[in-house]
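Residue-level listing of the chains:
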Amino acid sequence: MNPSGGLRWHWRAWRSQRQWQGTREHLAQWLESVQPASDQLLLLGPSAGWLLPSAFLTRFGQVHCWDIDPLAPFLFARRHGAALRAAGVSWTYQRGDAWANLDKLLAAHPQAAVLFDNLLGQLRFHGPGTGSEAAAHAASVERRITRLRRSLGGREWGSVHDLLSGPGRLAEPGQEMPMRRRKLRAGVPLAQDGWLSGLQPQGDWLDHLTAAVFAPGTTVYDIAWPFKPGYWHWLQAGWVAPASVSR
Ligand SMILES: C[S@@+](CC[C@H](N)C(=O)[O-])C[C@H]1O[C@@H](n2cnc3c(N)ncnc32)[C@H](O)[C@@H]1O
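This is a predicted model, so every value here is computed, not measured. (Residues numbered from 1 in each chain as written. Predicted model: local features only at pLDDT ≥ 70, side-chain atom pairs only at ≥ 80, totals over all residues. Heavy atoms only, no water.)

Let's shift gears to the overall build of the chain. Each helix and strand in the chain was counted, giving 6 helices and 9 strands. Here the C-alpha atoms of the chain give a radius of gyration of 17 Å, agreeing with the 18 Å that 2.2 N^0.38 yields for 247 residues. Considering the chain as a whole, with its 247 residues, one finds that 49% of them fall into the buried category. Contacts in the chain between residues at least 24 apart in sequence constitute 78% of all its contacts with a sequence separation of at least 6. By element, 52% of the accessible surface of the chain is carried by carbon and sulfur atoms, the whole surface being about 12200 Å². Side chains of the chain carry 26 positive and 18 negative charges; the gap between the two charge centres is 2 Å. (Helix = DSSP H or I, 4+ residues; strand = E, 2+ residues; numbered from the N terminus. Rg over C-alpha atoms; globule rule 2.2 N^0.38 Å. Buried < 20%, exposed > 50% of the residue type's maximum accessible area, 1.4 Å probe, protein only. Contact = heavy atoms within 4.5 Å. Areas by Shrake-Rupley, 256 points an atom, 1.4 Å probe, with all protein chains shown as cover. Lys, Arg positive; Asp, Glu negative; His and termini not counted. Charge placed at Lys NZ, Arg CZ, Asp CG, Glu CD.)

The structure is reproduced here in structure tokens:
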């Protein structure tokens, strides 16, 4: 079973389209601020692209998607195919493990920009679920995520990922969902960031092990995502463009 994708994910995403509309708009706002210099995009973990605007994809001439989910290519084509065809974008969709094969993928697409599309925060679930093996898996995911920036050095890349998730509720129904743009500062623990206090968070939120994806100084968008009734995800989105490739 796919713990972060597959039928369960598609069913939830399809059913939640109205509740997730604000999140989709926040992500679109972030992506509008991105100015990719490359004509190619390596898109990792996009599933059907439930939260992704087609308008971002049509800024590229070629899009290469990778996901482990066998249903994803068909559903991605249904959601984005018409817009991609109309814009003359050629795209491929490969079923496979983008995390295990990352170095090979980067070598095969040396000029491509890379977008981790809500993949990095899911990696901790793709391993043993309990006991010391789960702890070892989590530690190894966290170590590799910490090194990710180095593997991508010199290339333009971005990621949207879960930072934390847990129970909460908006103080007032209909209140605008929190979103902020900021420069990451070093040494501010997530637990001490009062940004989500408007959601009245309860208990310990789950750490998705992605706090080290971006370097201090990166401009990021923090987005509160109403994942399911009474349960929120803190999404973080950012784009890194080294001076050598930025427009
Ligand atoms: C939470 S879903 C996000 C889906 C997508 N961003 C969207 O908007 O629909 C995470 C996706 O990552 C995929 N995934 C998880 N681990 C992966 C891996 N190692 N390689 C490729 N895809 C992976 C899952 O199959 C799933 O489709």
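Let us keep going from here.
By the criterion of burial, strand S1 (residues 40–44) is predominantly enclosed, with 5 of the 5 residues buried. By the alternation rule, side chains of S1 split into Gln40, Leu42 and Leu44 and Leu41 and Leu43, which are all buried. In this structure, S1 lies alongside strand S2 (residues 62–67), joined through 5 bridges in parallel fashion. Across the sheet, Leu42 pairs through a bridge with His64, a residue of S2. The sheet contact formed by S1 and strand S4 (residues 113–117) spans 4 bridges and is parallel. Note on S4: the bridge partner recorded for Leu43 is Leu115. (Pairing = 2+ DSSP bridges.)

In this section: the site of the ligand. Inspection of the region around the ligand gives 22 residues, with Asn2, Asp67, Asp97, Ala98 and Asp117 positioned closest. Within the side chain of Asn2, one N or O atom sits 2.8 Å away from an oxygen atom of the ligand. Interatomic distance of 2.8 Å between a backbone N/O atom of Asp117 and a nitrogen atom of the ligand. Its free accessible area being 590 Å², the ligand has 98% of it covered by the protein chains. Taken together, the residues that form the shell around the ligand break down as 8 nonpolar, 10 polar and 4 charged. (Near = heavy atom within 4 Å. Polar contact = N/O pair within 3.5 Å; in protein donor to acceptor, adjacent residues only side chain to side chain. Nonpolar A, V, L, I, M, F, W, Y, C, P; charged D, E, K, R; others polar.)

Take the packing of aromatic side chains next. By the definition in use, this model includes 12 aromatic pairs. Here Trp9 and Trp225 contribute two aromatic rings whose centre-to-centre distance is 6.3 Å and whose plane-to-plane angle is 80°, an arrangement assigned as edge-to-face. Of the two residues, Trp9 is situated in helix H1 (residues 6–15) and Trp225 in strand S8 (residues 219–228); the sequence distance between them amounts to 216 residues. Grouping residues by exposure puts Trp9 and Trp225 together as buried. Every member of this aromatic cluster is reached through a ring pair, and the members are Trp9, Trp20, Trp225 and Phe227. (Phe/Tyr/Trp six-rings, centres within 6.5 Å; stacked < 30°, edge-to-face > 60°.)

Judged by nonpolar contacts, the single largest core of 33 residues is most densely connected at Trp30, Leu41, Leu43, Phe56, Leu57, Val63 and Leu115. Considering every element that reaches this core, the biggest residue donor is S8, with 4 residues. Once residues lying within four places of it in the same chain are set aside, the contact partners of Trp30 are Leu115, Ser159, Val160, Tyr221, Ala237, Gly238 and Trp239. Ala98, Val114, Leu119 and Leu120 belong to the second-largest nonpolar core, a separate cluster that totals 25 residues. (Core = buried A, V, L, I, M, F, W, Y, C linked by side-chain atoms within 4.5 Å.)

Counting buried positions along strand S5 (residues 157–167) yields 10 of 11 residues, so the element is predominantly enclosed. Looking at chain direction, S4 and S5 are connected through 4 bridges and run parallel. Bridging from a neighbouring strand, Asp117 pairs with Val160 of S5. Taken together, the 10 bridges between S5 and strand S9 (residues 231–240) define a ladder with antiparallel strand orientation. Within S9, the residue paired with Pro167 across the bridge is Tyr231.

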